[in-house]
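Examining the three-dimensional arrangement
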Amino acid sequence: LRASNEKLRDALAETERYAAALRRSEARYRHATDALRGYVYEIDPSTGRVTSTRGVEAVLGIDLASTPLSVDWWAAQVHADDRERVAATWRRARDEKLHSSSCRYRLRAADGSYRWVWDHALFIRDASGAVECIVGNVLDVTDEEAARLAAAESEQRFRQIADLMPDVVFVADAAGRAEYVNPRW
């Protein structure tokens, strides 16, 4: 009986060590996902159910406890102008048995505004190539997209002004190669 008790105590101690290691691993995962400007998700293709880290609350302003995440819910949040392109990207990844897929698009937040996101998904497949699950991360790139659009608008304004100037206007790179010359040249 004593030997059995010692074996049981050892097994219990080992189980507790494994449980403690698992708790530490889960805490590291939570900290890592909290550090993102986004969230990590998993999709079960057989049910359409989506699970997500709590970063989705910060990005979209939703309450995870009261929002039943699903593929249909997510598709409804994609901006209408982006919807077909995003769907085509995912279909291509599925049909061509790609390992991963990336796409930049807009998602509707709880307040009705749209956030630009970069979505990178991994397609986990079984031995036959069928998708078992999709695991991905979404990063909020709204600020970067706003900066990119502002730079493009500034460039457009510069070109409009330069094209109308009566004098020659040109821009050269560090090596002296012309990058832009207005029509007066």
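A brief look at the structure comes next. (Residues numbered from 1 in each chain as written. Predicted model: local features only at pLDDT ≥ 70, side-chain atom pairs only at ≥ 80, totals over all residues. Heavy atoms only, no water.)

When helices and strands are tallied, the protein shows five helices and seven strands. Its helices and strands taken in sequence order, the protein reads α-β-β-α-α-α-β-β-β-α-β-β from the N to the C terminus. Relative to a compact globule of 185 residues, whose C-alpha radius of gyration would be 16 Å, the protein shows 26 Å and is clearly more extended. Based on the C-alpha atoms only, the size of the protein along its principal axes is roughly 100 × 40 × 35 Å. A buried classification covers 26% of the 185 residues belonging to the protein. Across the protein, contacts joining residues at least 24 apart in sequence account for 35% of those joining residues at least 6 apart. Total accessible area on the protein is roughly 12,400 Å²; 55% of this is exposed by carbon and sulfur atoms. The averaged location of the 30 negative side-chain charges in the protein is 4 Å from the averaged location of its 27 positive side-chain charges. (Helix = DSSP H or I, 4+ residues; strand = E, 2+ residues; numbered from the N terminus. Rg over C-alpha atoms; globule rule 2.2 N^0.38 Å. Buried < 20%, exposed > 50% of the residue type's maximum accessible area, 1.4 Å probe, protein only. Contact = heavy atoms within 4.5 Å. Areas by Shrake-Rupley, 256 points an atom, 1.4 Å probe, with all protein chains shown as cover. Lys, Arg positive; Asp, Glu negative; His and termini not counted. Charge placed at Lys NZ, Arg CZ, Asp CG, Glu CD.)

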